[in-house]
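Architecture and fold: a report
The chain contents come next:
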Amino acid sequence: MAASPLLGPSSAFITSAPLFFPAAHIPKISSITFHHHQRSEKPSPLHLHITAPNIDSYRRLRAASADPPPPDAAETSTIGAADRSKDRRKVVKLAWDKLVRWSRSWRSKARTDVLSTTKKVVVLGGGSFGTAMAAHVAEKKAQLEVHMLVRDRQVCQSINDRHLNLYFPEHKLPENVIATTDAKAALCGADYCFHAVPVQFSTSFLEGVAAYVDPGLPFISLSKGLELNTLRMMSQIIPQALKNPRQPFVALSGPSFASELMNKLPTALVVASKDKKLTNAAQQLLSSNHLRISTCSDVTGVEIAGALKNVLAIAAGIVVGMDLGNNCMAALVAQGCSEIRWLATKMGAKPTTITGLSGTGDIMLTCFVDLSRNRTVGIRLGSGEKLDDILGSMNQVAEGISTAGAVIALAQKYKVKMPVLTAVARIIDNELTPRAAVLELMSLPQVEDV
Ligand SMILES: NC(=O)c1ccc[n+]([C@@H]2O[C@H](COP(=O)([O-])OP(=O)(O)OC[C@H]3O[C@@H](n4cnc5c(N)ncnc54)[C@H](O)[C@@H]3O)[C@@H](O)[C@H]2O)c1
Ligand SMILES: O=P(O)(O)OC[C@H](O)CO
């Protein structure tokens, strides 16, 4: 069954529930019905039965905290509010201490041998996210050689001579970040490769460097999007361009603005691969006290969510640009989340991946925060600017623009209706104005919420 907030992995929170609510206020839920997500299928109800509070667990927890047994109903009314508040705090403290102990014991077992045995990593693409990742791994280990393969000689010179990349003029890069325009030198002897070239240029770029890529070199892809004409994701693009179906592959995704990583603000990401050893290695290589890395085997879910959230962010920006209000924003993003889930699950992704960091997490960041380039494109479209003018004034990539075109073909292939994401594609193709799109979306049949 899909995880429910009440039935999450930590039973501590469930067992302590009666202590957070006076007995009279505990909801007695006999049956909650969830409907499955596939629009084209008949909804299959999943039943969750929560009949009564778990008194046994409650008693055990109280015994563990050396508190007196729970009062009966008559006594409850005589206990003062101060006592109840004291009890509640004790329980909260107990739950927190338990969490901290679990976390410490987990960390004491954490292995770091991947970082200690890694001597060189290469970053393909010298844009904002490639630079942020290069700086991040370089800071984890001063002896690590971090080679950035860049196209522009001036960028190369600026990184090597002044430790600066124009994307972050206020951040000095660590001295072990070295830039080069020589693909052979950059790739030679690398233990890991970060791929940060925009999706639409990845095939031609990789074909150009394939001769220097070791067949065992693990690729950690940072790029989020779908290739326009082929509908491929990075997990397909990389091995096919390198002509090596076994090229080790990990997708890194989740809510992360490069600038916030550069400022070492707390961030959480997910690494996904079919190869569990490789996800563990990528986790060890990347995690730090300001970057949490979860692992996952659902590569399709992580990649498709990362690609489609960029299209949804354009739609969210259009809502802002047209000044349609907060109700509209919430309705649109909720609808977009459903559309992404419908398509992703038809493609074989797990619904829990779509509601996790790389799905809902990244959707929230990109749809609601002005730092997003995709949302910015949407704001400008919604304010009446022409796409060509917007593109002409941008010096960074907004992957959602190309991915929108690919989404429609995928939706047709998997027979999924995606009204919001289709509207974005039509607006980008200049076939529909944002205003006409809103009118059309508001007139869609008002169907069951699934
Ligand atoms: N910036 C972020 O906050 C962020 C966060 C997560 C993921 N990403 C993803 O990372 C990928 C890269 O984004 P970015 O923000 O670094 O982009 P960017 O626009 O900042 O930089 C793109 C880089 O790619 C290079 N490039 C462009 N065309 C190329 C080509 N034909 N061959 C080789 N290099 C080429 C450019 O020179 C530039 O260095 C995107 O897929 C993006 O969705 C970005
Ligand atoms: O600036 P955007 O819209 O490309 O988004 C950047 C990242 O993907 C956010 O996680």
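Residues numbered from 1 in each chain as written. Chains lettered and ligands numbered in written order. Predicted model: local features only at pLDDT ≥ 70, side-chain atom pairs only at ≥ 80, totals over all residues.

The line we're drawing: UniProt positions are given in the numbering used here, feature names are shortened, and annotations may be inferred rather than shown by experiment.
The protein is annotated in an unreviewed UniProt entry as Glycerol-3-phosphate dehydrogenase [NAD(+)] of Kalanchoe fedtschenkoi. Per its UniProt entry, the protein bears the Subcellular location (unreviewed entry) comment "Plastid, Chloroplast".

Things to note about the overall build of the protein
For clarity, the cut-off: The helix count covers DSSP runs of H or I at least four residues long, the strand count covers runs of E at least two residues long, and both are numbered beginning at the N terminus. Residues with at least 20 neighbouring C-beta atoms inside 10 Å of their own are called buried, those with 12 or fewer are called exposed, and the rest are partly exposed, where every C-beta is derived from the backbone. We call two residues in contact if the C-beta atoms placed from their backbones are at most 7 Å apart.
When its secondary structure is counted, the protein shows 22 helices and 10 strands. Going through the 450 residues of the protein one by one, you find that 39% of them count as buried. For the protein, restricting intrachain contacts to residue pairs at least 6 apart in sequence, the fraction spanning at least 24 positions comes to 73%.

Topic: the packing of helix α14 (residues 299-321) against helix α21 (residues 419-428)
Basically, it comes down to this: The axes used here are C-alpha line fits, helices contributing only the stretch in contact, and every angle between their N-to-C directions lies in the interval 0 to 180 degrees. When describing relative orientation, an angle under 35 degrees is termed roughly parallel and one over 145 degrees roughly antiparallel, while 65 to 115 degrees is termed roughly perpendicular and anything else oblique. Note on residue categories: nonpolar means Ala, Val, Leu, Ile, Met, Phe, Trp, Tyr, Cys or Pro, charged means Asp, Glu, Lys or Arg, and polar means any other residue, Gly included.
Here α14 crosses α21 at 75 degrees, and the two axes come no closer than 9 Å. Regarding the angle of α14 to α21, the classification is roughly perpendicular. Contacts from L308, V311, L312, I314 and A315 in α14 reach V420, L421 and V424 in α21. Taken together, the residues of the contact of α14 with α21 break down into eight nonpolar, no polar and no charged.

Brief notes about the UniProt feature "domain: Glycerol-3-phosphate dehydrogenase NAD-dependent C-terminal" (unreviewed entry) in the protein
The feature "domain: Glycerol-3-phosphate dehydrogenase NAD-dependent C-terminal" (unreviewed entry), as given by UniProt, occupies residues 298-438 in the numbering adopted here. Regarding residues 298-438, the helix share stands at 74% and the strand share at 0%, and the terminal C-alpha atoms are separated by 34 Å.

Quick word on the confidence of the model for the protein
Basically, it comes down to this: A score from 0 to 100, pLDDT tells how confident the predictor is in each residue.
Per-residue pLDDT for the protein averages 86, and the proportion of residues at 70 or more is 82%. Considering only residues more than four positions removed or in separate chains, one finds that residues 1-53, a stretch of pLDDT under 50, has 63 contacts. If you check the scores for this complex, the pTM reads 0.83 and the ipTM reads 0.99.

Some thoughts on helix α20 (residues 400-413)
Selection rule: Here a helix's expected span is defined as the number of its residues, less one, multiplied by 1.5 Å.
Taking 1.5 Å of rise per residue, 14 residues should cover 20 Å, and α20 covers 19 Å from first to last C-alpha, within 8% of that figure. Residues G400, I401, S402, T403, A404, A406, V407, L410 and A411 constitute the buried set of α20. Those residues of α20 that are buried are in contact with α10 (199-209), α14, α15 (326-346), α18 (373-382) and α21. Count one or two residues on from α20 and you reach K415, which has phi positive near 55 degrees.

A word on the site of ligand 1
Spelled out, the test is: Contact assignment follows one rule, namely that a residue is near a molecule or strand if its backbone-placed C-beta atom lies within 6 Å of it.
Among the 24 residues in the neighbourhood of ligand 1, the closest are listed as G127, F129, F201, S223 and Q396. Listing elements by their share of the shell around ligand 1, those giving two or more residues are α7 (128-140) and α10. Looking at the shell around ligand 1, its residues break down into 12 nonpolar, nine polar and three charged.

Concerning unusual backbone geometry
The phi angle at K243 is positive, at roughly 55 degrees, despite the residue not being glycine. One can find K243 in the loop between α11 (234-241) and β8 (249-253). A residue is classified by how many C-beta atoms lie within 10 Å of it, and K243, with 12 of them, is exposed. For D323, which is not glycine, the phi torsion reads 60 degrees and is therefore positive. Mapping D323 onto the fold places it in the loop between α14 and α15.

Describing the domain arrangement of the protein
To keep things clear, this is the line we draw: Domain segmentation is taken from an automatic or database assignment of domains.
Parsing the protein into structural domains produces domain 1 (114-297) and domain 2 (306-443). For domain 1 and domain 2, the distance between their C-alpha centres works out to 26 Å. Each side of the interface is counted separately: domain 1 has 22 residues, and domain 2 has 21 residues. Sorting the residues of the side of domain 1 that touches domain 2 by element identifies α10, β9 (267-272) and β10 (291-296) as the ones contributing at least two each. The greatest single-element share of the side of domain 1 that touches domain 2, amounting to three residues, is contributed by β9. Among the residues forming the side of domain 1 that touches domain 2, the class breakdown is 12 nonpolar, eight polar and two charged.

Examining the site of ligand 2
By nearness alone, 13 residues border ligand 2, and S256, D362, S372, R373 and N374 come closest of all. Listing elements by their share of the shell around ligand 2, those giving two or more residues are α14, α17 (357-368) and α18. A per-element tally of the shell around ligand 2 places α17 first, with three residues. Residue composition of the shell around ligand 2, by class: five nonpolar, five polar and three charged. A domain-level breakdown of the shell around ligand 2 finds at least three residues from each of domain 1 (114-297) and domain 2 (306-443).

As for the nonpolar core
Let me state the cut-off plainly: For our purposes the nonpolar core covers buried Ala, Val, Leu, Ile, Met, Phe, Trp, Tyr and Cys residues that link as a set through C-beta atoms within 7 Å.
Grouped together as the largest cluster of nonpolar side chains are 106 residues, with contacts concentrated most on V123, L312, V407, L421 and V424. Among the elements that take part in this core, α14 stands out by supplying 15 residues, more than any other.

Section: the UniProt feature "domain: Glycerol-3-phosphate dehydrogenase NAD-dependent N-terminal" (unreviewed entry) in the protein
Residues given the UniProt feature "domain: Glycerol-3-phosphate dehydrogenase NAD-dependent N-terminal" (unreviewed entry) here are residues 120-278. In residues 120-278, helix accounts for 35% and strand for 20%; the two terminal C-alpha atoms are 16 Å from one another.

Some remarks on the pairing of strand β6 (residues 192-195)
What counts, and what does not: Two strands qualify as a pair provided that DSSP identifies no fewer than 2 bridges between them. The crossover handedness rule: strands pointing away from the viewer, path from first strand over the helix to second strand clockwise, crossover right-handed.
Burial along β6 is two-sided: Y192 and F194 and C193 and H195, pointing in opposite directions, are all buried. Sheet topology note: the strand β3 (residues 120-124)/β6 ladder contains four bridges and is parallel. In the strand pairing of β6, V122 is matched with C193. As paired elements, β6 and strand β7 (residues 219-221) share three bridges and run parallel to each other. Among the inter-strand pairings, H195 is bridged to a residue of β7, identified as S221. In this fold, β6 hands off to α10, which returns the chain to β7; that crossover is right-handed.

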